[in-house]
Amino acid sequence: MAIIHRTTLTPTKLELLTAWLPGRPWYRDGAGEPRLARAGGFRLDDPAGEVGVEFMVATDTAGPGPVHYLVPLTYRGAPLDGAEHALIGTTEHGVLGTRWVYDGCHDPVLVTELLALFEGRAQAQAQSLTDTPDHEITRSYTGSAPLPPAPAGDAPSAEDDKDATGIAVAPGLTLRLHRVLRPATDAVADRPEDALGHVSGHWELPDGSRARAVFAVLHD
């Protein structure tokens, strides 16, 4: 169970992301430096209790219209071998000390727990509350074969394009995380076409209303 500490982070997550986001292939160039706000997301528990796993939705309002990014993050107490390219930065946690913050698409713990969520073996947790399930996160998996965990200790091979990040999780099976989120109807968000599985979630728009979209899908 992940424990949410009410403490300080220096620099903050949004400060780290403000410097990191403009270098991503899926970043929508706005009016100069991003102007980010945390808009939603959820967490997953690491069964070993070592790695923090968060799926953050960050909204950038620097451009002519808001852009909503899905940023999977992992927080570690030591560097992840072989994942130097995925390091977003380090931050000082008021309780836990130095934390290494990674793009979670390159972290085997996040990928393994996300696949467990697809199958219903993991429960989405509230982003800011300890031991509180987030029942608004929906998931499905219609495949016949169990999904394999990511190889322990190896950074998954993840490739970015202009909209998403793709991860090969098994021969002929790809996990795709949508990096730029577009609000969709519940019917689309909860029943994406041509997918073996999905995870959908919600976030808050700048006007105070709420939106839903598909966060991740599995394709063969």
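Residues numbered from 1 in each chain as written. Predicted model: local features only at pLDDT ≥ 70, side-chain atom pairs only at ≥ 80, totals over all residues. Heavy atoms only, no water.

Peer 1: Would you mind going over helix 2 (residues 108–119) with me for this structure?
Peer 2: Helical geometry note: an α-helix holds 3.6 residues per turn, so side chains three or four residues apart project in the same direction. The end-to-end C-alpha separation of helix 2 is 17 Å, in line with the 16 Å expected for 12 residues at 1.5 Å each. Along helix 2, 11 of the 12 residues are buried, which leaves the element largely enclosed by surrounding structure. Taken together, the buried positions of helix 2 are Pro108, Val109, Leu110, Val111, Thr112, Glu113, Leu114, Leu115, Ala116, Leu117 and Phe118. Between a side-chain oxygen at the N-terminus of helix 2 and the backbone nitrogen of Val109 the separation is 3.0 Å; the capping residue is Asp107. Of the residues one or two after helix 2, Gly120 is the one with positive phi, at around 85°. (Helix = DSSP H or I, 4+ residues; strand = E, 2+ residues; numbered from the N terminus. Expected span 1.5 Å × (residues − 1). Buried < 20%, exposed > 50% of the residue type's maximum accessible area, 1.4 Å probe, protein only. Polar contact = N/O pair within 3.5 Å; in protein donor to acceptor, adjacent residues only side chain to side chain.)

Peer 1: What is the right way to look at the pattern of salt bridges in this model?
Peer 2: Close approach of charged atoms allows side chains of opposite charge to pair. In the structure shown here, the tally under the stated rule is 11 salt bridges. Residue Arg38 pairs with Glu54 through a salt bridge whose shortest N-O separation is 3.9 Å. Placement of Arg38 in strand 2 (residues 36–44) and of Glu54 in strand 3 (residues 52–60) is noted, with a sequence separation of 16 residues between them. Overall, Arg38 belongs to the partly exposed group, its relative accessible area being 43%. Under the relative-accessibility criterion, Glu54 is labelled buried at 0%. Here Asp103 makes a salt bridge to Arg179, at a shortest N to O gap of 2.9 Å. Here Asp103, found in strand 6 (residues 97–103), pairs with Arg179, found in the loop between strand 11 (173–178) and strand 12 (180–181); they are 76 residues apart in sequence, far enough to count as distant. (Salt bridge = Lys/Arg side-chain N within 4 Å of Asp/Glu carboxyl O.)

Peer 1: What's the story with the packing of aromatic side chains in this structure? I'm lost.
Peer 2: Aromatic ring pairs are defined here through the distance separating the ring centres and the angle between the ring planes. Inspection of the entire model under this criterion finds 5 aromatic pairs. A centroid spacing of 5.8 Å and a plane angle of 50° characterise the contact between Trp26 and Tyr69, whose relative ring orientation is tilted. Of this pair, Trp26 sits in the loop between helix 1 (13–20) and strand 2 while Tyr69 sits in strand 4 (residues 67–76), placing them 43 residues apart in sequence. The burial state of Trp26 is the same as that of Tyr69; both residues are buried. A ring pair is formed by Tyr27 and Tyr69, whose centres lie 6.0 Å apart and whose planes are at 25°; its orientation type is stacked. Placement of Tyr27 in the loop between helix 1 and strand 2 and of Tyr69 in strand 4 is noted, with a sequence separation of 42 residues between them. The same class applies to Tyr27 as to Tyr69, namely buried. Following the ring pairs from residue to residue traces out a cluster consisting of Trp20, Trp26, Tyr27 and Tyr69. (Phe/Tyr/Trp six-rings, centres within 6.5 Å; stacked < 30°, edge-to-face > 60°.)

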